[in-house]
Amino acid sequence: MSEPIYRANVLVCTGTGCDSSGAGSVIDALRGEVERRELQGEVRVIETGCRGFCAMGPIVIVYPEGLFYCQVQTTDVEELVEETLVKGRILQRLVFEVPHSQQAVPFYDEIPFYEKQQRITLRNCGVIDPESIDEYIARGGYEALGKVLSEMSSEDVIEEVKASGLRGRGGAGFLTGLKWEFTARAPGDVKYVVCNADEGDPGAFMDRSILEGDPHSVIEGMAICGYSVGSSEGYVYCRAEYPLAIKRLRLAIEQAEEYGLLGDDIFGSGFGFHLKIKEGAGAFVCGEETALIASIEGKRGEPRPRPPFPAVSGLWGKPTNNNNVKSYANVPQIIRNGAEWFAAIGTPRSPGTAIFALTGKVENTGLIEVPMGITLREIIYDIGGGIPDGKEFKAVQTGGPLGGCLPASGLDLQVDFDSLRQAGAVMGSGGMIVVDEETCMVEFSKYFLTFASAESCGKCVPCRVGGRRMLEILTRITEGEGTPEDIDQIKEIAKGMDSDSLCALGQLTPGPIMSALRYFEDEFHAHINEDRCPAKQCVNMISYYVSPETCVGCGMCKRECPVQVIDGERRMIHIINQDGCIKCNTCFEVCPFDAIVKLSGGEIEVPEEPIPVGSFGK
Amino acid sequence: MAQIKSLEELRRLRERVERDISTRRDTGTTIIVGMGTCGIASGARETMRAILEEVRRRDMDVNVTTVGCIGMCNKEPLVDIEQAGKPRVSYGNITPDMAPRLIEEHLVNGQVVEEWVVGRLQEDE
Ligand SMILES: Cc1cc2nc3c(=O)[nH]c(=O)nc-3n(C[C@H](O)[C@H](O)[C@H](O)COP(=O)(O)O)c2cc1C
Ligand code: FES
């Protein structure tokens, strides 16, 4: 053996997040510095997929110690190599610090962000080099495929997947094994396996991370599926906006073909499986399975009514099994470790883990994988580190633009497919947006509605027109023009969209508004009946005043006001001219004495014109 | 690349490539080489290379890491061996030619090379 043994592995995340914060040049600098110090025979620099903590990127992890360095820049590289790789010392200034407590946590496995996580689907992401099939194999990769092809019948495989209780990770949570069985039983010689990697939910990037960080797990899962449903051809439908994912997947397919793990007669079993990539243009509706299939066929990406389901009549009219990236990625481990192992993780009816893209008003944002059944409080406070700037938690939206929100009373909810649905939110694709007290829930639901209605394909009326009408109503409400009938109208439109839309896009578009109404109806009423936005965000309903008691007459607000509607000289109480104010919030931000008062639905008493500081009310 | 035609062949390949990622696992055994300025000056780099070479030759499952100066500069190069459940043993003045014997006796035969020992550290001290 001529391959040297490396005492240290330096893993640099080159996921899309870290890449955009400069991981590429950090890698080059690291390789250069390692060579300059002639360490290349002992230290290996490896590019990996996403670690989930993208906000702290570029992330560099040094093994065997498991040292976790964040926000590493090229200027840090020389010292990093000197201190850590030569002298074995921790470079304190690159170590992660817990927000608030400022406690330094140098080791990967002790960082609170990771402590409550359980990485199963993402087990290889950030740990192996995704461009090396050998590293995947070193972690047990393709053993499940080998086992399936040499020891199991296709019925055995389906039974095993059914027994694991795996539910589809694409949103609806349908039992994966059962779906496979439908496809397997459907009559026909030619069948297809499709992987849905469209990932249209804005802000979600778990599927991308898997394709970028562990592409072979998806390939292996799809090949196993092909064997059990009787298909020798698969398609991965991935949006073209994911160039790195596509590149790594393509490379992985080539490597698997070279090893004979894709192609004809895999493992000498006679079973063959071929995989192709189909790039999508990135329309949200193309994530819906019938639209996706139409798009692969080269047709316009529009959904069609189901049944027939793709399992019976899918791609080119043939029986087709479609699953999400994460669903496939879980399969090899279920086969390797057994259905019981998987079923024991999570909750009885939702076994396994959930992956969320945690964003919004939390200290630590990123991609997390947690066992089903964990509470929202644990996710938001223990992993997410709580709400920044001492603000109050207000709501959390799960399931993306077709999901729903939950208020503080839902924080102790144990998250799984069913509990979320009962509470009016959904698991969906795994988006999780946390908002604080400064978010207006009418505005918040309007944001999702704007997205969903813009992405309507227009084929069916309830979705196309219903979405627009609802958006008009919400816009009116946020502008202070709402009427008492609006709420009933929203509810009526929602009912129609839910029952009459062609696909789940239209059916679920009212979700965010309905859940906001369920938990925050008072806020809607305040807008409509009192012209008041409780979160003080809707500009037509707020006003700014200079508090005559607090103002010291420093003139800062007057100087900074972009429309010059503030009156007053030095040492005089300043006055905002209400008619000209554009509610830009500048004075509120710049006043060094917190003398600017922001009000919605009320006013305070101020002098008619500037008077000397201290003389008000005397 | 050769095609993999059976589960056996896959497992053989796995054994071969597993070592590549072994530093990313806890092997239970760590060899720690003192790499302060003092260590480097007295030849710790060469000692480490010799240790790595020996580990490779014997295809052993151990992690090799470095550590800064620990204040026994006259005993450099210092090499510590840490095994799960056993006290950490520090060896002093380890030159490259001593590496094979150190590894053979301590790690393969499980016997501490008493004459080279300069200290012992109980776990969790
Ligand atoms: C508008 C819309 C968008 C969707 N987008 C996705 C998507 O991006 N990825 C996905 O896997 N499923 C998406 N789905 C769900 C798919 O139709 C389908 O249920 C899913 O791919 C099945 O996979 P699973 O059984 O593994 O969950 C979407 C559904 C709708 C209605
Ligand atoms: S891209 Fe690097 S941690 Fe996510």
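All values derive from a computational prediction rather than experimental measurement.

Calculation notes
Residues numbered from 1 in each chain as written. Chains lettered and ligands numbered in written order. Predicted model: local features only at pLDDT ≥ 70, side-chain atom pairs only at ≥ 80, totals over all residues. Heavy atoms only, no water. Near = heavy atom within 4 Å. Polar contact = N/O pair within 3.5 Å; in protein donor to acceptor, adjacent residues only side chain to side chain. Areas by Shrake-Rupley, 256 points an atom, 1.4 Å probe, with all protein chains shown as cover. Axes fitted to C-alpha atoms, helices over the stretch in contact; angles between N-to-C directions. Helix = DSSP H or I, 4+ residues; strand = E, 2+ residues; numbered from the N terminus. Parallel < 35°, antiparallel > 145°, perpendicular 65-115°, else oblique. Contact = heavy atoms within 4.5 Å. Buried < 20%, exposed > 50% of the residue type's maximum accessible area, 1.4 Å probe, protein only. Arc of directions from axis to C-beta. Buried area = accessible area lost by both parts, 1.4 Å probe. Salt bridge = Lys/Arg side-chain N within 4 Å of Asp/Glu carboxyl O. Domains from an automatic or database assignment.

**Considerations on the site of ligand 1**
All names here are of chain A.
Step number 1: Around ligand 1, a shell composed of 18 residues is seen, among which Gly170, Lys179, Asn323, Asn324 and Ser327 lie nearest.
Step number 2: Between ligand 1 and the protein, one listed contact pairs an oxygen atom with a side-chain N or O atom of Asn322 at 3.2 Å.
Step number 3: Between ligand 1 and Asn324 there is a distance of 2.7 Å, counted from an oxygen atom to a side-chain nitrogen or oxygen.
Step number 4: Taken by itself ligand 1 offers 610 Å² of open surface, and the protein chains cover 90% of this.

**Details of the packing of helix α18 (residues 461–478) of chain A against helix α21 (residues 511–530) of chain A**
Residue and element names in this part refer to chain A.
Step number 1: Direction vectors running N to C along α18 and α21 enclose 40°, while the axes themselves pass 11 Å from each other. In terms of orientation, α18 lies oblique with respect to α21. Here α18 contributes Met470, Leu474, Ile477 and Thr478 to the contact with α21, which in turn contributes Ile513, Phe524, His527 and Ile528.

**Remarks on helix α4 (residues 99–108) of chain B**
One full turn of an α-helix is made of 3.6 residues, so residues set three or four places apart face in the same direction.
Residue and element names in this part refer to chain B.
Step number 1: Those residues of α4 that sit buried are Ala99, Leu102, Ile103, His106 and Leu107. Across the axial projection of α4, the buried residues extend over an arc of 95°, all falling on one side.
Step number 2: Buried residues belonging to α4 abut β1 (29–34), α3 (44–58), β3 (79–83) and β4 (88–91).
Step number 3: Directly after α4, the chain includes Gly110, whose backbone phi takes a positive value near 75°.

**Some details on the interface of chain A and chain B**
Step number 1: At the junction of the two partners, chain A supplies 49 residues and chain B supplies 35 residues.
Step number 2: For the pair chain A and chain B, the summed buried area comes to about 3600 Å², and 56% of that belongs to carbon and sulfur atoms.
Step number 3: Seen at the junction of chain A and chain B, the total is 4 salt bridges.
Step number 4: Between Glu42(A) and Arg45(B) there is a salt bridge whose closest N-O contact spans 4.0 Å.
Step number 5: Run the count over chain A and chain B and you get 15 residue pairs in polar contact (both at pLDDT 80 or more).
Step number 6: Secondary-structure elements contributing two or more residues to the side of chain A that touches chain B are β1 (8–13), β2 (43–48), α3 (77–86), α5 (133–138), α6 (143–151) and α11 (243–258) of chain A.

**Quick notes on the domain arrangement of chain A**
A common way to state how big an interface is: give the accessible area lost once the parts meet.
All names here are of chain A.
Step number 1: Taken domain by domain, chain A holds domain 1 (8–111), domain 2 (133–343), domain 3 (353–436), domain 4 (441–529) and domain 5 (543–600).
Step number 2: A C-alpha centroid distance of 28 Å is found between domain 2 and domain 3.
Step number 3: Counting from both sides, the interface comprises 17 residues of domain 2 and, opposite them, 18 residues of domain 3.
Step number 4: At the boundary of domain 2 with domain 3, total buried surface from both sides reaches about 1300 Å², with 62% on carbon and sulfur atoms.

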